[in-house]
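Take a look at the letters that make up each chain.
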Protein chains: 2
Amino acid sequence: MGELIFVGLGLNDDLGLSLHALEEIKSAEQVFIELYTSLLPEFSKDRLEKLTGKKLMMVTRKDLEDDDGEVVLKAAQAARTVLLVPGDPLIATTHIALRISARKQGITTQIVHGASILSAAVGLSGLHNYKFGKSVTIPFPDETAATTPYRVISENRKRGLHTLCFLDIRPEKNRCLTIKESLIELMRVERSKSEKSLEDAIVVGVARAGNNEPNVKAGLVKDIVAYDFGPPPHTLIVVGRLHFMEAEALIALDGAPEAIRRYSE
Amino acid sequence: MGELIFVGLGLNDDLGLSLHALEEIKSAEQVFIELYTSLLPEFSKDRLEKLTGKKLMMVTRKDLEDDDGEVVLKAAQAARTVLLVPGDPLIATTHIALRISARKQGITTQIVHGASILSAAVGLSGLHNYKFGKSVTIPFPDETAATTPYRVISENRKRGLHTLCFLDIRPEKNRCLTIKESLIELMRVERSKSEKSLEDAIVVGVARAGNNEPNVKAGLVKDIVAYDFGPPPHTLIVVGRLHFMEAEALIALDGAPEAIRRYSE
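Reading guide: rules and limits
Positions within a chain are numbered from 1, following the residues in the order the chain's sequence is written. Each chain is given a letter, starting from A, and each ligand a number, starting from 1, according to the order in which they appear as written. Local features in this predicted model are restricted to residues of pLDDT 70 or higher, and side-chain atom pairs are both shown and tallied only at a pLDDT of 80 or more, whereas totals for entire chains, interfaces and linings draw on every residue. With hydrogens and water stripped out, all remaining heavy atoms of the structure feed into the side-chain values. Only heavy atoms enter the contact rule, under which two residues are in contact if any of them lie within 4.5 Å. Buried area is calculated as the accessible area (1.4 Å probe) missing from two parts once they are joined, with the contributions of both summed. A pairing counts as a salt bridge when a side-chain nitrogen of Lys or Arg comes within 4 Å of a carboxyl oxygen of Asp or Glu. Both site types are read off a 1 Å grid over the protein atoms alone. A 1.4 Å probe that fits but cannot get out defines a cavity, while an open set with protein on both sides within 12 Å along at least five of seven lines defines a pocket; lining residues have an atom within 4 Å of a point. Grid points are joined across faces, edges and corners, and a volume is the space filled by probe spheres set on the points. Helix and strand definitions follow DSSP, with helices as H or I runs of at least four residues and strands as E runs of at least two, each counted in order from the N terminus. Classes in brief: Ala, Val, Leu, Ile, Met, Phe, Trp, Tyr, Cys and Pro nonpolar; Asp, Glu, Lys and Arg charged; the others, Gly included, polar. Overlaid copies result from least-squares superposition on C-alpha atoms, with residues included only where pLDDT is at least 70 in both. We call two strands paired when DSSP finds no fewer than two bridges between them. The axes used here are C-alpha line fits, helices contributing only the stretch in contact, and every angle between their N-to-C directions lies in the interval 0 to 180 degrees. Here's how the labels work: a residue is buried when its accessible area is under 20% of the maximum for its type, exposed when over 50%, partly exposed in between, all with a 1.4 Å probe on protein chains only. A residue's pLDDT is the confidence the predictor assigns to it, expressed on a 0 to 100 scale.

### Re the interface of chain A and chain B
Alright, step 1. Across the boundary between the two partners, chain A contributes 52 residues, which contact 52 residues of chain B.
Alright, step 2. A combined buried area of about 4500 Å² lies between chain A and chain B, and 63% of that area is made up of carbon and sulfur atoms.
Alright, step 3. The three residues of chain A that bury the most area against chain B are L19, H113 and L253 of chain A, which together make up 14% of that side's buried surface.
Alright, step 4. Linking chain A with chain B are two salt bridges, by the criterion used here.
Alright, step 5. One salt bridge in this structure joins E248 of chain B and K104 of chain A, with 2.2 Å as the shortest N-O distance.

Right under this line is the structure:
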């Protein structure tokens, strides 16, 4: 019986792999890698091939989505196969679908977890995990208006909850949505609806989580939209009600102005 | 100037560490470790000391909370210091407070992320990440009634959202709340309120995320409360509205009965 092991690459580069992940790669017959669901800016395929002594076969969105992962499933039918995935490996729905297909073909599956932007962005911000509501992905504004994300953010804020916003990426086109572009689009949607949910909102931008020097900055929308976060990947958090300890964290850790204390309780 | 590096241990055992984390431990002057905010059932301090060549100094809840992390901060003032933390290192509020104290003392801080139960439980379940609402911690029922968690679950369900429930642990007393105990307590709260939010709810239990053989099982509350998940740590997900692809995942991956399809849309 075949075996397919989903291995998380963690964040940023090839040192995000766990020791467990490294063992699985070394003992696999075939190792595939996809790098289109998230951006790992400092990742080197060559370096990881040298470290593990394995050839890494790149799979594309076409391989995994249009062709339903056939190339990976075929390998996994025959022998112990690893699929390397940025972050924690079963967050993108693509990989859940692949895992279901594998199981239906009688292929055993296993998961080796990696660090994910989900917990990394929350942790870097200093905000409290249990105060986050539903999360959203903000699409490229020239493809889809951010009407749904705006509604989710607005509903979360009404209940005092923070919103973690993943920003869309298209690595094959070398495009990553930035914090600035996302805020401009969200404010455009707000004006078109004549609402005021974002007007006095505090936001936190997180750039390059997993890097030794991530750029994390908190403040009012009007200040953060003008801030230069540097290269991608970017993540945005829209803050709901602030606990006083969270306000303290945003000031001490994320360079927010002292004035945000008045928004806390 | 001093330096304090928060390093995530990831899940389950000492192989959850990333290569980056390993480098940081090896190059640190002093390495502290806390193992009370989450349970790493197969972790061995001895094995990690041998692997890294470093002595790991255990810190307790008292050290980090009652004494405000003074022992760690004092070391970090003097030299490059690592604090090892289960999971991803800034999810527990204790560590956020410590990071703020460090920064106020002029100590540089850095984060090395690790795999977290946040993304691991979501990924293992096969449910879609963007359909989770606010998460909760379920306390030990003999200490605190689960009234607040019940309300959060109920509000999430009204909006069709899933709830990730962390189950309380007290490693110093060798106590971990189980999926069974949590469900019994939630049903007790439900009866006391004469509500019916859980009656026909689907839940997913996740035991030992990060282990090679985690136990993940989905079904109706009445079935899951009777299921034996084995040893801790346990995590519970209460499902909101099910997308048909999510129903498919719960059946194919988590052994849910075919009948749950009628709850999906």
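There is more to say, and it comes next.
### Points about empty space enclosed by the protein
Alright, step 1. All chains considered together, the criterion is met by four cavities of 30 Å³ or more.
Alright, step 2. L118 and G133 of chain A together with L118, F132 and G133 of chain B are the residues nearest the centre of the largest cavity, which is lined by 14 residues in total.
Alright, step 3. Breaking the lining of the largest cavity down by element, the ones donating at least two residues are α6 (117-125) of chain A together with α6 (117-125) of chain B.
Alright, step 4. Classifying every residue of the lining of the largest cavity by side-chain character gives eight nonpolar, six polar and no charged.

### A closer look at the relation of the copies chain A and chain B
Alright, step 1. By a simple turn and slide, chain A fits onto chain B: the slide is 0.0 Å along the axis, the RMSD is 0.0 Å, and the turn is 180 degrees. Within this description, the copies of the chain are treated as partners about a two-fold rotation axis.
Alright, step 2. Taken together, the interface assignments show that 100% of the residues at the interface of chain A recur at the interface of chain B, consistent with an identical surface on both copies.

### Let's talk about the sheet that holds strand β12 (residues 234-238) of chain B
Residues and elements named next belong to chain B.
Alright, step 1. Strand order in the open sheet made by the five strands is β6-β7-β12-β10-β11, with mixed pairing throughout. Because the sheet does not close on itself, it has two edges, and the strands there are β6 (136-138) and β11 (215-220). Across the sheet, the mean angle from the axis of one strand to that of its neighbour is 25 degrees, orientation sign disregarded.
Alright, step 2. Relative to β11, strand β10 (residues 202-207) runs antiparallel, the two sharing six bridges. Across the sheet, the residue bridging to V206 is V216, located in β11.

### Quick word on the environment of R175 of chain B
Residue and element names in this part refer to chain B.
Alright, step 1. Tracing the backbone shows R175 in strand β9 (residues 175-176).
Alright, step 2. The exposure class assigned to R175 is partly exposed, which follows from its relative accessible area of 31%.
Alright, step 3. C-alpha of R175 to C-alpha of L164: the two residues are 11 residues apart in sequence and 20 Å apart in space.
Alright, step 4. Other than its neighbours up to four places away in sequence, R175 contacts F140, D142, E143, I169 and R170.

### Observations concerning the confidence of the model for chain A
Alright, step 1. For chain A, mean pLDDT is 96; residues scoring 70 or higher make up 100% of the total.
Alright, step 2. Here the prediction assigns the complex a pTM of 0.97, and the interface score ipTM is 0.96.

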